[in-house]
Amino acid sequence: MPRLFDALAGLSFASVVLASPLQQRQYGASPCAAVAASVATQSSVATPTVPAQLAYDCITSVPFNQSAALALVDGVVPYFKWQSNTVWLKDPPAEYAEKVQPAVDIWGELETIRGKVVGGEYDSEYESTHDGHFVYVPDSVGNVFNFARPVPIVSVSSDGKELPKAYVYADVLAESFGNATFTSSAISKINGENAKDYLEKWAQIGSLQDRDALYNNVFYELATVSLGPVGSGIGTFAGSGRGRWVYPGATTEFVFENGTTAKYDNFARVLGSFAGITDGEGVYKKFLTGPQPTPTPSATSPTPIPAPGYPPPVVREIHNLIGGYYLEDDYSDVAVLSVPSFVGISAQAEFQATAVTFLAAAKAAGKKKLIVDVQANGGGTILLGYDLYKLLFPDNIDHAAADRFRAFESTDLIGQKFSEAAGTFPRTLVNETGNQTLAELNDDIASSVFNYRTDVDVNGSNFDSWADKFGPGINQKGDNFTNLFRWNLSDVLIPLNSGGIFIHGYGPLANYTQQPFAAEDIVVVTDGYCASTCTIFSELMRQRAGVKYISLGGRPREGITQAVGGVKGTNDFPWTYIQAIAQFTVESLNSSVAESIQLKSTELGEYFDDTVFKRASVGQALNVNFRDGIRDGDTAETPLQFVYEPADCRILYTKAMTVDVTAIWKAVSDSAWGGKSHCVAGELGGYKTIKMAKREMTVMDRVFSKRMHAWRRDLRAENYPLDVFTDETAMEVAGDGLMPV
């Protein structure tokens, strides 16, 4: 994205709730003093831990500051205006409300919170974050403690046909690699409640929209673990992803189907120094009264991230953002492109190179079928989604759904000034001129969506003016939206919006024209986590290319599930970027001091208050969904977020799939081409059945198969980490298509 993004940290929304809050216990002087004493004994530990109950009692003893809370609630209002779909969330289509999520009145919920603040109905800073579904994550939730359980779990079917049940993952590992007589037992109750009911309710804390995708995100999955700290770790149940913000109670108790029980002490990570803290007021003064240090991103380290349960790759990007694999023996015709991320760090060139290298290698090796695995994919760089699609289908339609955003005073004024300024200098890349000043102008202004020259209309034609693009193009449910537009992949400034890459089929890559696999020889598999850029990629693959989609797992219920369960908005904006461009418009894009004063007297003046950033949780991505996607031909212009789309086939996870990802790929291959369907709902009609076992393997195939067998024999329980936890400071949220975990 443009250079203006580079220095901007991101933050996030989440629904933060309490699970089984307990009464405070007595800790002598105070629970926060007890935390400080415990931390002092752990000086050699990078991140100290304390009992979850103690952390909860400490944070709920922090005094409530009414004036500060009111300033925070009022401070979010200008940024909520940029959320593209508040009127649709309040009044969603009936099918969405029934099958996905009920209606949410964002503005009504915010007014309710404000009323409670004014009425003094909150007792502590922590408690004030638990109203509503669209909640800002303040410092009181994210800066002091992260909660966790010491026991990751998985949800698997006993035979691929019976509905899934929850198991302790360590037990599954022991069964897979330990004593052959040991059989793991399913969890029947959690804290006295039916396990299925408990977990379905717990799943709702997640960031996804689809309930089956949310359910999958509760559990340990190999794809999420392969992303290390930038993924949702070992599942929300164990305290990864958004599970880390939720107090899970003091203990977690399981009752198993075999009649045994197990009880675990939950814990909290202490995220800052408690030196000198004696009570809740001390916590308030130290952690909740101003900005904390900005974390240094760490995900760009050259150290490879382990990918437990993944076989030896043909080629793999060092952070496991993308990797290519072959299957062995009877499946030697099958290549797998694993894409758990579309890149939330500076690795766009490496991502593209990995995809190019692998697809060429697969074709050279004679592979006939391709599985694209997008499990755990929360998005990333938008145009990498386009590029991967164009690598697979260079001659197909080059756009996904059209885009639009809310047409209101702020977006109009910024667009007017950006478009006006962009008309005063040539639209070109720095490597063509060597002029650094011109390069920065193109980076910051000309390549922006607020310059009407950046995009094209739905007919592929240029807009004539900002007014031509802005409209408003349509009024829905009392709200105004711009005219529809889409990316111009031929634009000379495309690298500024793609992490520095060109798109295959355009610019210097215009000679790429050969399609590597036919559509019927490709299938995409997902766990439903697919969000943001991943949903754009899926719109292209399903709607443009006709590729079939398989969904994995889901709730213990019969029937088909959605393949795409995350946000289908087509662009998120960090609040920091919104503030930056608003201030930039007022201070740098004016023709005179008088005009600057006039601009600041408009709505743009609301973006000069830093309260929401001073009180934001460090390292979390504070975003809005800026753009809606509207499918071609949809005269109702329903945002894709609210369109229910079942997968073509649903396959259930088995125990084997939680320790060896190739078990998933083989089930997918069987179902698509092998004449052995693992679909418990839906079907893959139209795919050609092949007799893969009859193919004569090459020498290379046989060598690779022996390597795979050796890898599988060497798998051990200790290969699977049980302590991978989310650290969003490793991501570089840059107003792109990345859904924060």
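A quick note: this is a predicted structure, and the numbers were derived from the prediction, not measured. (Residues numbered from 1 in each chain as written. Predicted model: local features only at pLDDT ≥ 70, side-chain atom pairs only at ≥ 80, totals over all residues. Heavy atoms only, no water.)

**Q** Kindly report on the overall build of the chain, identifying the contributing residues and their values.
**A** A count of helices and strands for the chain gives 24 helices and 26 strands. Across the 741 residues that make up the chain, the buried fraction comes to 61%. Residue pairs at least 24 apart in sequence account for 78% of intrachain contacts in the chain once pairs closer than 6 positions are excluded. Split by element, the accessible area of the chain, about 26,700 Å² in all, is 50% carbon and sulfur. (Helix = DSSP H or I, 4+ residues; strand = E, 2+ residues; numbered from the N terminus. Buried < 20%, exposed > 50% of the residue type's maximum accessible area, 1.4 Å probe, protein only. Contact = heavy atoms within 4.5 Å. Areas by Shrake-Rupley, 256 points an atom, 1.4 Å probe, with all protein chains shown as cover.)

**Q** Before we move on, can you summarise the environment of Leu652 with the specific residues and values?
**A** Residue placement: Leu652 occurs in the loop between strand E24 (649-651) and helix H23 (662-674). Accessibility expressed as a relative area gives 2% for Leu652, which makes it buried. It is 7.1 Å that separates the C-alpha atoms of Leu652 and Lys161, two residues lying 491 residues apart in sequence. If sequence neighbours within four positions are ignored, Leu652 has contacts with Ser157, Gly160, Lys161, Glu162, Leu163, Pro164, Gly553, Met657 and Val680.

**Q** Report on the state of the cysteines, specifying residues and quantitative values.
**A** Evaluated as defined, the whole model comprises three disulfides. Linked covalently through their sulfurs, Cys32 and Cys58 form a disulfide whose S-S length is 2.2 Å. Its S-S torsion of about 100° marks the bond between Cys32 and Cys58 as right-handed, since a negative value means left-handed. Remark: Cys58 occurs in helix H2 (residues 52-59) and Cys32 occurs in helix H1 (residues 31-40); sequence separation between them is 26 residues. (Disulfide = S-S within 2.5 Å.)

**Q** Before we move on, can you summarise the packing of helix H20 (residues 575-588) against helix H21 (residues 593-600) with the specific residues and values?
**A** Where H20 contacts H21, the axes come no closer than 7 Å and their chain directions differ by 150°. With respect to H21, the axis of H20 lies roughly antiparallel. From H20, Thr585, Val586 and Glu587 reach across to H21, where they touch Ser596, Leu599 and Lys600. (Axes fitted to C-alpha atoms, helices over the stretch in contact; angles between N-to-C directions. Parallel < 35°, antiparallel > 145°, perpendicular 65-115°, else oblique.)

**Q** Now, about the side chain of Arg404: what can you tell me, with residues and values included?
**A** Mapping Arg404 onto the fold places it in strand E15 (residues 402-404). In this structure Arg404 comes out as buried when scored by relative accessible area, which is 0%. Within the local environment of Arg404, its side chain forms a polar contact with the side chain of Gln476, the two groups lying 2.7 Å apart. (Polar contact = N/O pair within 3.5 Å; in protein donor to acceptor, adjacent residues only side chain to side chain.)

**Q** Explain the sheet that holds strand E23 (residues 623-630) residue by residue, including any values.
**A** Read from one edge of the open sheet, three strands run E15-E23-E22, paired in antiparallel fashion. At either end of the open sheet lies a strand with only one pairing partner, and these are E15 and strand E22 (571-574). The sheet shows a mean angle of 30° between the axes of neighbouring strands, direction not considered. Examined bridge by bridge, E22 and E23 share four bridges and lie antiparallel to one another. Bridge pairing links Asn571 to Arg627 in E23. Strands in contact with H20 are E22 and E23; relative to E22, the strand with the most contacts, it is inclined by about 70°. (Pairing = 2+ DSSP bridges.)

**Q** Can you tell me about the sheet that holds strand E10 (residues 315-316), naming the residues and giving the values?
**A** If you trace the eight strands from one edge of the open sheet to the other, you get E10-E11-E12-E13-E20-E21-E24-E25, paired in mixed fashion. Lying at the two open borders of the sheet, with one neighbouring strand each, are E10 and strand E25 (681-682). With three bridges joining them, strand E21 (residues 548-552) and E24 adopt parallel strand pairing. Among the inter-strand pairings, Ser551 is bridged to a residue of E24, identified as Arg650. Strand contacts of helix H19 (residues 533-544): strand E13 (369-373), strand E20 (522-526) and E21, with the helix running at about 130° to E21, the strand carrying the most contacts. Against the sheet, H23 touches strand E11 (323-326), strand E12 (334-338), E13, E20, E21 and E24, its axis set at about 130° to E13.

**Q** Quick rundown of H1? Include the residues and the values.
**A** Helical geometry: 3.6 residues make up each α-helical turn, so side chains three or four residues apart lie on a common side. Within H1, the full set of buried residues consists of Pro31, Cys32, Val35, Ala36 and Val39. The arc that holds the buried residues of H1, viewed along the axis, is 150°, so those residues lie on one side. On the buried face of H1, the contacting elements are strand E1 (49-51), H2, strand E2 (145-148), strand E9 (267-270) and helix H13 (280-287). (Arc of directions from axis to C-beta.)

**Q** Describe empty space enclosed by the protein, with residues and values.
**A** If you walk through the whole model with that rule in mind, you get seven cavities of 30 Å³ or more. Within this model, the second largest cavity holds a volume of roughly 170 Å³. As for the second largest cavity, its lining consists of 18 residues, of which Thr535, Ile536, Ser538, Glu539 and Leu640 are closest to the centre. Those elements that provide at least two residues to the lining of the second largest cavity are helix H15 (382-392) and H19. (1 Å grid on protein atoms, 1.4 Å probe; cavity = no way out; pocket = protein on both sides within 12 Å on 5 of 7 lines; lining within 4 Å. Points joined across faces, edges and corners; volume = space filled by probe spheres on them.)

**Q** Help me get a handle on the packing of aromatic side chains, residues and values and all.
**A** By convention here, two paired aromatic rings are described through the distance between centres and the angle between planes. Within this structure, the stated rule accounts for 43 aromatic pairs. Taking 5.4 Å as the distance between ring centres and 65° as the angle between the ring planes, the aromatic pair formed by Phe147 and Tyr247 counts as edge-to-face. With Phe147 in strand E2 and Tyr247 in the loop between helix H12 (222-226) and strand E7 (251-256), this residue pair connects regions lying 100 residues apart in the sequence. There is no split in this pair, since Phe147 and Tyr247 are both buried. Residues Tyr326 and Phe358 carry aromatic rings whose centres are separated by 5.8 Å and whose planes lie at 35° to one another, so their mutual orientation is tilted. (Phe/Tyr/Trp six-rings, centres within 6.5 Å; stacked < 30°, edge-to-face > 60°.)

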